[in-house]
Amino acid sequence: MINGLIFDMDGLMVDTEKLLTRFWREAAAFYGWEMKQEHVLGIRSLAGKYAGPKLQKEISPDFDYAKVRLKRIELMNAYIEKNGIEKKPGLDELIAYGKDKGLRLAVATATDNVRTKLYLESIGVYHHFDKVVCGNMVKSSKPDPDIYITASAELGLPPAECIALEDSPNGIRSAKSAGCVPVFVPDLSQPDEDTSALMFACCETLAHVIPVIEELNR
C-alpha cells in the first residue's frame, strides 16, 4: 500500500538539470578545466564527498570541486534571478492527485534547504509538502539511503509505503537502499541497465505516476 510520495527536486519538479549542466561546464571552464556533459550527468544527486573524487579521477587530479561548485552556484543563481525556472510537466496533476487521495508528500533533495525553498516557492508548490528534507540536513546524502530513510520517517511511514520519484541513477540507488519504491521519471537521460534493475517503474512524466500508484493500491 502506497501512503506517501517523496519527490526529488532538480530535474524532477524544476527544470534545472539543463541549467546545472550548462553552468557546471561554464564554471569549470572559468578555471581552465574541460567538463563534459557526461561528467555533469554522472554527479547528479551525488554527495560532494563522492562527486569531488569522481571528477578528479575523470577530469584532472587537480580539479577543485568546491571552488568550481561555488562558481557554478554564482552563475546559476544570477541566471535564475533574471530568468526564473520552469516547472516540470505533470507536477501539479500528481500533487493534486496525492492530496485528493490523502497521501503524505515530502521532498528529498540533495540541494540545500535555502535554495530548495526558493525554487519550490518560485513555482508555487512549496506549501503542498508535509516535509522537506535537504542534503545539508542529513549525515550522508545520495546515493546513500539516509535522505529517504529520514523523509519517510518524517512522514511517519515505513519506506516500503513510499514511492520515491527520481530522475537520476544516484537518486534511484538511494531510494532503493532505503527500502522505498523507486520510480524513474527521465529528464536528461533514460535509465541505464543498472538503474533499470533497481527501479520499480519508469514514467514519461509525473502525471504518468498516477496509474502506478493506482496499480499498487488496487
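Residues numbered from 1 in each chain as written. Predicted model: local features only at pLDDT ≥ 70, side-chain atom pairs only at ≥ 80, totals over all residues. Heavy atoms only, no water.

Enquirer: Can you break down helix α8 (residues 169–178) residue by residue, with the values?
Expert: Judged by how many residues are buried, α8 sits mostly within the fold: 7 of 10 residues are covered. Among the residues making up α8, those that are buried are P169, N170, G171, I172, S174, A175 and A178. Against the buried residues of α8 lie α2 (37–42), α7 (146–155), β4 (162–166), β5 (181–184) and α9 (193–198). Just downstream of α8, G179 is the residue with a positive phi angle, here 95 degrees. (Buried < 20%, exposed > 50% of the residue type's maximum accessible area, 1.4 Å probe, protein only. Helix = DSSP H or I, 4+ residues; strand = E, 2+ residues; numbered from the N terminus. Contact = heavy atoms within 4.5 Å.)

Enquirer: Let's hear about the domain arrangement of the protein chain: which residues, and what values?
Expert: In many reports, interface size means the accessible area that the parts give up when they come together. Domain parsing of the protein chain yields domain 1 (4–15 + 87–217) and domain 2 (16–83). Centre-to-centre, using C-alpha coordinates, domain 1 lies 23 Å away from domain 2. Roughly 1,600 Å² is buried in total at the junction of domain 1 and domain 2, and carbon and sulfur atoms are behind 47% of that figure. It is D15, R115 and L188 in domain 1 that bury the most area against domain 2; as a group they hold 35% of the surface buried on that side. (Domains from an automatic or database assignment. Buried area = accessible area lost by both parts, 1.4 Å probe.)

Enquirer: Give me the environment of Y126: which residues, what numbers.
Expert: Among the structural elements, Y126 can be located in the loop between α6 (113–122) and β3 (131–134). C-alpha separation for the pair Y126 and A106, spaced 20 residues apart in sequence, amounts to 9.9 Å. In this view, Y126 contacts K117, L120, E121 and V132; residues no more than four positions away in its chain are not counted.

Enquirer: Which residues make up the pairing of strand β2 (residues 104–109), and what values go with them?
Expert: Of all 6 residues in β2, 5 are buried; the element is thus mostly enclosed. Bridge analysis of strand β1 (residues 4–7) against β2 gives 4 bridges, and the strand direction is parallel. Across the sheet, the residue bridging to I6 is A106, located in β2. Relative to β3, β2 runs parallel, the two being bridged by 4 bridges. If you follow V107 over to β3, its bridge partner there is V132. This β-α-β element, β2 to α6 to β3, shows right-handed connectivity. (Pairing = 2+ DSSP bridges. Right-handed = clockwise from strand over helix to strand, strands pointing away.)

Enquirer: Can you break down the state of the cysteines residue by residue, with the values?
Expert: Counting across every chain of the model gives 0 disulfides. Unpaired in terms of disulfides, C203 finds its nearest cysteine sulfur in C202, a separation of 6.8 Å. The class for C203 is buried, based on a relative accessible area of 4%. (Disulfide = S-S within 2.5 Å.)

Enquirer: Tell me what's going on with the pattern of salt bridges, and back it up with residues and numbers.
Expert: In this structure the tally under the stated criterion is 13 salt bridges. The residue K88 makes a salt bridge to D15 at a minimum N-O spacing of 3.9 Å. You can see K88 sitting in the loop between α4 (65–83) and α5 (91–100) and its partner D15 sitting in the loop between β1 and α1 (17–30), a full 73 residues away along the chain. Each of the two residues, K88 as well as D15, counts as buried. In this structure, D112 engages R115 in a salt bridge whose closest nitrogen and oxygen atoms are separated by 2.8 Å. (Salt bridge = Lys/Arg side-chain N within 4 Å of Asp/Glu carboxyl O.)

Enquirer: Report on the packing of aromatic side chains, specifying residues and quantitative values.
Expert: Within this structure, the stated rule accounts for 5 aromatic pairs. Measuring from centroid to centroid gives 5.6 Å for F23 and Y79, while their planes differ by 55 degrees, and the two rings are tilted. Separated by 56 residues along the polypeptide, F23 in helix α1 and Y79 in helix α4 bring together distant segments of the chain. Overall, F23 belongs to the buried group, its relative accessible area being 3%. The class for Y79 is partly exposed, based on a relative accessible area of 27%. Consider the rings of W24 and Y65, whose centres lie 5.6 Å apart with planes at 25 degrees: the pair is stacked. Of this pair, W24 sits in helix α1 while Y65 is found in helix α4, placing the two residues 41 residues apart along the sequence. Y65 shares its class with W24; the two are buried. Here K71 stacks its cationic end above the ring of F30, 4.1 Å away from the centre of that ring. (Phe/Tyr/Trp six-rings, centres within 6.5 Å; stacked < 30°, edge-to-face > 60°. Lys NZ or Arg CZ within 6 Å of the ring centre and 35° of its normal.)

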